[in-house]
Amino acid sequence: MKSGLTIEEQVLEVVRTVLFGVKITLNLVVLNGSGIDREFQRDLVMTLEEELEIEIPDKDAEKLVTVKDVVDYITKKKTPEEPKKEDKKKEVTKKLKKE
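Just so we're clear, the structure is a prediction, and the values are computed from it rather than from any experiment. (Residues numbered from 1 in each chain as written. Predicted model: local features only at pLDDT ≥ 70, side-chain atom pairs only at ≥ 80, totals over all residues. Heavy atoms only, no water.)

Chemist: Teacher, can you tell me more about the overall build of the protein here?
Modeler: On a plain count of helices and strands, the protein comes out with five helices and zero strands. Traced from its N-terminal end to its C-terminal end, the protein shows the element sequence α-α-α-α-α. A total of 99 residues make up the protein; the buried ones form 29% of that total. Once local pairs closer than 6 in sequence are excluded, the contacts in the protein between residues at least 24 apart make up 55%. A total accessible area of about 7,500 Å² is found for the protein, and carbon and sulfur atoms account for 52% of it. (Helix = DSSP H or I, 4+ residues; strand = E, 2+ residues; numbered from the N terminus. Buried < 20%, exposed > 50% of the residue type's maximum accessible area, 1.4 Å probe, protein only. Contact = heavy atoms within 4.5 Å. Areas by Shrake-Rupley, 256 points an atom, 1.4 Å probe, with all protein chains shown as cover.)

Dropping the structure here:
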């Protein structure tokens, strides 16, 4: 992963590399339903996985359509999930009971 670049910038860079000569926007359809051949789609997913150090299972890749979908998916996978409020309450209650 290239430091200093946002996930969106990294995804756009990868898509530009694989899809050279095409104007790239977040709404560009690059995966399923795009009319782009399967080999290109596999190449794009594999390049994204390699460059962004992430695994995209086939079942997840099948749900991605636009560049924005890819950005959102990778952002969600790379961003640590905040504990839910209920979990935080349980943790605090557990600590208080120990004291």
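Chemist: I would appreciate a short explanation of the nonpolar core in the present structure.
Modeler: As a rule of thumb, soluble globular proteins bury nonpolar side chains together. Among the nonpolar cores identified, the biggest contains 24 residues, and Val11, Leu48, Val67 and Ile74 are the most heavily contacted of them. For this core, the secondary-structure elements that each account for two or more residues are helix H1 (7–18), helix H2 (38–52) and helix H4 (67–78). Discounting chain neighbours no more than four positions away, the residues touching Val11 are Leu48, Leu52, Val67, Val70, Val71 and Ile74. (Core = buried A, V, L, I, M, F, W, Y, C linked by side-chain atoms within 4.5 Å.)

Chemist: Can you walk me through unusual backbone geometry in this structure?
Modeler: For residues other than glycine, phi is negative in most cases, and the peptide bonds are mostly trans. Backbone geometry places Glu53, a non-glycine residue, at a positive phi of 50°. Summarising the element assignment, Glu53 is placed in the loop between H2 and helix H3 (58–61).

Chemist: Would you mind going over the packing of H1 against H2 with me for this structure?
Modeler: Two numbers describe a pair of packed helices, the interaxial angle and the distance between the axes. Direction vectors running N to C along H1 and H2 enclose 140°, while the axes themselves pass 10 Å from each other. Accordingly, the angle class assigned to the pair H1 and H2 is oblique. Crossing geometry of H1 relative to H2 is assigned as right-handed. Between H1 and H2, the contacting residues are Ile7, Gln10, Val11, Val14, Val15 and Val18 on the first element and Phe40, Leu44, Thr47, Leu48, Glu51 and Leu52 on the second. For the contact of H1 with H2, the class distribution of residues is nine nonpolar, two polar and one charged. (Axes fitted to C-alpha atoms, helices over the stretch in contact; angles between N-to-C directions. Parallel < 35°, antiparallel > 145°, perpendicular 65-115°, else oblique. Left-handed = near helix turned anticlockwise from the far one by under 90°. Nonpolar A, V, L, I, M, F, W, Y, C, P; charged D, E, K, R; others polar.)

Chemist: Explain H2 here, please?
Modeler: An α-helix turns once per 3.6 residues; consequently, residues spaced three or four apart project the same way. Its 15 residues place the ends of H2 21 Å apart at the C-alpha level, agreeing with the 21 Å of an ideal helix rising 1.5 Å per residue. Where H2 is buried, its residues contact H1, H3 and H4. Positioned one or two residues after H2, Glu53 has a phi angle of 50°, which is positive. (Expected span 1.5 Å × (residues − 1).)

Chemist: What should I look at first to understand the environment of Leu5 in this one?
Modeler: Here Leu5 shows up in the segment before H1. Exposure remark for Leu5: the relative accessible area of 30% places this residue in the partly exposed category. Setting aside its immediate chain neighbours within four residues, Leu5 contacts Gln10 and Glu13.

Chemist: Is there a simple way to explain the pattern of salt bridges in this structure?
Modeler: In a structure, side chains of opposite charge can pair up when their charged atoms sit close to one another. What the rule picks out here adds up to two salt bridges. The salt bridge partner of Lys59 is Asp60, with a shortest N-O separation of 3.4 Å. Between Asp72 and Lys68 there is a salt bridge, and its shortest N-O distance comes to 2.9 Å. Of this pair, Asp72 and Lys68 both sit in helix H4, four residues apart, which is roughly one turn of that helix. For Asp72, a relative accessible area of 38% puts it in the partly exposed group. For Lys68, a relative accessible area of 37% puts it in the partly exposed group. (Salt bridge = Lys/Arg side-chain N within 4 Å of Asp/Glu carboxyl O.)

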